[in-house]
Amino acid sequence: PECETLADPECETLADPECETLADCMGGYDLFAVLNHSGGLHSGHYTAMAKHPDSDIWYKYNDSRVSKLSSSSSLINRDAYILFYVRTTT
């Protein structure tokens, strides 16, 4: 069944006492991209950060400039607008 949360009656068989979230019980998710927006409601600037699927190196995309990120610690910040995840296989 498609489960939204562990509290869904159809998903009770999936609920494992060791799992804190639905993702823990059904496999994990890996962040692979972040879309950022800085500015106000009616104007602003978008940038993106994405992880190369083969090398796992993160890159920042800002208009026509692409740069390698030295650390993934700054990926999620106050400008993060949309986070993109891929489900990992178990």
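Structural notes, computed from the coordinates.

Reading guide: rules and limits
Residues numbered from 1 in each chain as written. Predicted model: local features only at pLDDT ≥ 70, side-chain atom pairs only at ≥ 80, totals over all residues. Heavy atoms only, no water. Helix = DSSP H or I, 4+ residues; strand = E, 2+ residues; numbered from the N terminus. Buried < 20%, exposed > 50% of the residue type's maximum accessible area, 1.4 Å probe, protein only. Polar contact = N/O pair within 3.5 Å; in protein donor to acceptor, adjacent residues only side chain to side chain. Contact = heavy atoms within 4.5 Å. Pairing = 2+ DSSP bridges. Axes fitted to C-alpha atoms, helices over the stretch in contact; angles between N-to-C directions.

Some details on the side chain of asparagine 62
Here comes step 1: Structurally, asparagine 62 is set in strand β3 (residues 58-62).
Here comes step 2: Judged by relative accessible area, asparagine 62 falls into the buried class, the value being 18%.
Here comes step 3: Polar contacts involving the side chain of asparagine 62 include one to the side chain of histidine 45, which spans 2.7 Å.
Here comes step 4: Sequence-distant contacts of asparagine 62, defined by excluding residues within four places in its chain, comprise His45 and Thr47.

Notes on the environment of glycine 28
Here comes step 1: Mapped onto the secondary structure, glycine 28 falls in the loop between α1 (22-26) and β1 (29-39).
Here comes step 2: Along the primary structure glycine 28 and arginine 87 are separated by 59 residues, whereas in three dimensions their C-alpha atoms are 6.0 Å apart.

Some details on the sheet that holds strand β5 (residues 80-87)
Here comes step 1: The sheet built from five strands is open, its strands ordered β4-β3-β2-β1-β5 with antiparallel pairing. Where the open sheet ends on each side, the last strands, each with one partner, are β4 (65-68) and β5. Averaged over all pairs of adjacent strands, the angle between strand axes in this sheet comes to 20°, irrespective of strand direction.
Here comes step 2: Looking at chain direction, β1 and β5 are connected through seven bridges and run antiparallel. Across the sheet, leucine 31 pairs through a bridge with tyrosine 85, a residue of β5.

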